[in-house]
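# Examination of the molecular architecture
These are the residues of each chain, in order.
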Amino acid sequence: MTFTIEFWEFFLVTFLLAICLSTQTLLMAGCSLVLLILTGYVLICRPAFYQQSRYYIGFALVLLIYPILSDFIVPTLPPHRFDTTLLNLSNTLFPWLNFQHITHTYWLTEVLSLCYSLTLFIDVVAFLYFLVYKENTLCAQMQFTWYIAFTCYILLPVEGPHSLGVIPDWSTFGPLTKFNQLFAKAITGTIDCFPSMHTCSILQWLLFVKRYGSTGLFWALLPFSLLVVLSTLYLNYHYAMDVVCGAALAFGTHWYMKRYPLSFKFSLSLPKKTNQLC
């Protein structure tokens, strides 16, 4: 029997293994092991079903995992965070990207809050577009980056500048800023800081458009992309290291997908008895 495995699927397994190794509760470790066994069952016993629905399953898992980070996964992890380390590295390597003590102006904060909020919406819409029109390479690249990010969230948990008390008081700002704060609290886990997936996602779209789209659309998207990257620092959601690593993740996966094949195949011989059980 021949299976086709894509690289993002390896990082799904890595994410589950990271939870097993990092969690402090048997329940979470058990749930992760059950998901690993279920994944193996689907791959081995239902390969035809999986080949047809792998991108839909992957998209559903991304939407499922991201919101449950703070409610179910974070409480089971060790309490240590790497915020101080990242802050020191950011200030040492990229001191010009430190926005933590600047004076925030009303209208710039409103514009950047809008850009920051729109990024996740664009991410979901674009993903659905790729699924409907079967742009498998782009679907795979998105899932590739998200599962790398999920694994980093578990192995290198970082809460962000708010954990160090450097978040401004947004109560005096406008409705877009206040909405963005409420929205971020509602959908964001407490350790989803390193790497910055707002930076990674928007730069991915920019690279997609440059490679597959028109030049005009690329130049139209470029200012918005730069505003999104700026918003992650200006609004104090991320350290400079988060943004730099998010950009590296976008460019790295884009380069990888251009240079190497999307997937590879391997053969696995199963005894007849096993096939009958499936």
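Residues numbered from 1 in each chain as written. Predicted model: local features only at pLDDT ≥ 70, side-chain atom pairs only at ≥ 80, totals over all residues. Heavy atoms only, no water.

## Digging into the environment of Thr-137
The topology assignment puts Thr-137 in helix H6 (residues 136-155). With a relative accessible area of 30%, Thr-137 lands in the partly exposed category. Counting along the chain gives 121 residues from Thr-137 to Lys-258, while the straight-line C-alpha distance between them is 9.5 Å. (Helix = DSSP H or I, 4+ residues; strand = E, 2+ residues; numbered from the N terminus. Buried < 20%, exposed > 50% of the residue type's maximum accessible area, 1.4 Å probe, protein only.)

## Quick look at the packing of helix H8 (residues 197-212) against helix H10 (residues 240-259)
Here H8 crosses H10 at 35°, and the two axes come no closer than 8 Å. The crossing of H8 and H10 is right-handed. Only Val-243, Gly-246, Ala-247, Leu-249, Ala-250, Phe-251, Thr-253, His-254 and Lys-258 of H10 make contact with H8, whose side of the interface consists of Met-197, Thr-199, Cys-200, Leu-203, Gln-204, Leu-207, Phe-208 and Arg-211. Of the residues assigned to the contact of H8 with H10, the class counts are ten nonpolar, five polar and two charged. (Axes fitted to C-alpha atoms, helices over the stretch in contact; angles between N-to-C directions. Left-handed = near helix turned anticlockwise from the far one by under 90°. Contact = heavy atoms within 4.5 Å. Nonpolar A, V, L, I, M, F, W, Y, C, P; charged D, E, K, R; others polar.)

## What about the packing of aromatic side chains?
In the structure shown here, the tally under the stated rule is nine aromatic pairs. Seen in terms of ring centroids, Tyr-147 and Phe-150 are 5.7 Å apart; in terms of plane orientation they differ by 70°. Their pairing is edge-to-face. Taken as a pair, Tyr-147 and Phe-150 lie in helix H6 at a separation of three residues, close to a single helical turn. The class of Phe-150 is buried, set by a relative accessible area of 0%. Of the aromatic side chains, those joined through ring pairs into one cluster are Trp-146, Tyr-147, Phe-150 and Tyr-153. (Phe/Tyr/Trp six-rings, centres within 6.5 Å; stacked < 30°, edge-to-face > 60°.)

## Considering the environment of Gly-246
Considering the arrangement of structural elements, one finds Gly-246 in helix H10. For Gly-246, a relative accessible area of 0% translates into the label buried. As a C-alpha pair, Gly-246 and Ile-202 span 44 residues in sequence and 9.9 Å in three-dimensional space. Not counting residues up to four positions away in its chain, the partners in contact with Gly-246 are Pro-195, Ser-196, Thr-199 and Cys-200.

## Here we look at a nonpolar patch on the surface
A cluster of nonpolar side chains, namely Leu-114, Leu-118, Phe-121, Val-125 and Leu-176, defines an oily patch on the protein surface of about 410 Å² accessible area. Among the elements that make up the nonpolar patch, the one with the highest residue count is helix H5 (residues 106-132) (four residues). With respect to the element layout, Leu-114 can be found in helix H5. (Patch = residues over 30% accessible without salt bridge, like charges linked within 9 Å, V, L, I, M, F, W, Y side chains within 5 Å. Areas by Shrake-Rupley, 256 points an atom, 1.4 Å probe, with all protein chains shown as cover. Salt bridge = Lys/Arg side-chain N within 4 Å of Asp/Glu carboxyl O.)

## Considerations on helix H9 (residues 215-234)
Across its 20 residues, H9 extends 29 Å between first and last C-alpha, which sits within 8% of the 28 Å expected from 1.5 Å per residue. A bend of about 30° at Leu-222 is the largest found in H9, and the proline Pro-223 appears one to four places after it. Three or more residues of H9 are buried, namely Phe-218, Leu-221, Leu-222, Phe-224, Ser-225, Val-228, Val-229, Ser-231, Thr-232, Leu-233 and Tyr-234. Contact partners of the buried residues in H9: H5, H8 and H10. In the segment just after H9, Asn-236 is the residue with positive phi, at about 60°. (Expected span 1.5 Å × (residues − 1). Bend = angle between axes of the 7 residues up to and from the residue.)

## Considering the nonpolar core
In terms of nonpolar packing, the biggest core is built from 65 residues, with Phe-130, Phe-150, Tyr-153, Ile-154 and Trp-205 touching the most fellow members. Contributing elements (two or more residues each) for this core: helix H1 (7-22), helix H3 (47-73), helix H4 (83-93), H5, H6, H8, H9 and H10. If near-sequence neighbours (up to four positions away) are discounted, Phe-150 is found in contact with Phe-15, Val-62, Ile-65 and Tyr-66. (Core = buried A, V, L, I, M, F, W, Y, C linked by side-chain atoms within 4.5 Å.)

## Quick look at the side chain of His-198
Checked against the element boundaries, His-198 lands in helix H8. For His-198, a relative accessible area of 15% gives the class buried. Here the side chain of His-198 touches Tyr-116 through a polar contact of 3.1 Å, landing on its backbone oxygen. Ignoring sequence-local partners within four residues, the contact set of His-198 consists of Tyr-116, Thr-119, Val-228 and Thr-232. (Polar contact = N/O pair within 3.5 Å; in protein donor to acceptor, adjacent residues only side chain to side chain.)

## A closer look at the pattern of salt bridges
Close approach of charged atoms allows side chains of opposite charge to pair. Considering all chains together, one arrives at one salt bridge under this definition. Glu-159 is the partner of Arg-81 in a salt bridge, and the nearest nitrogen-oxygen pair spans 3.4 Å. Remark: Glu-159 occurs in the loop between H6 and helix H7 (175-187) and Arg-81 occurs in the loop between H3 and H4; sequence separation between them is 78 residues. Exposure remark for Glu-159: the relative accessible area of 27% places this residue in the partly exposed category.

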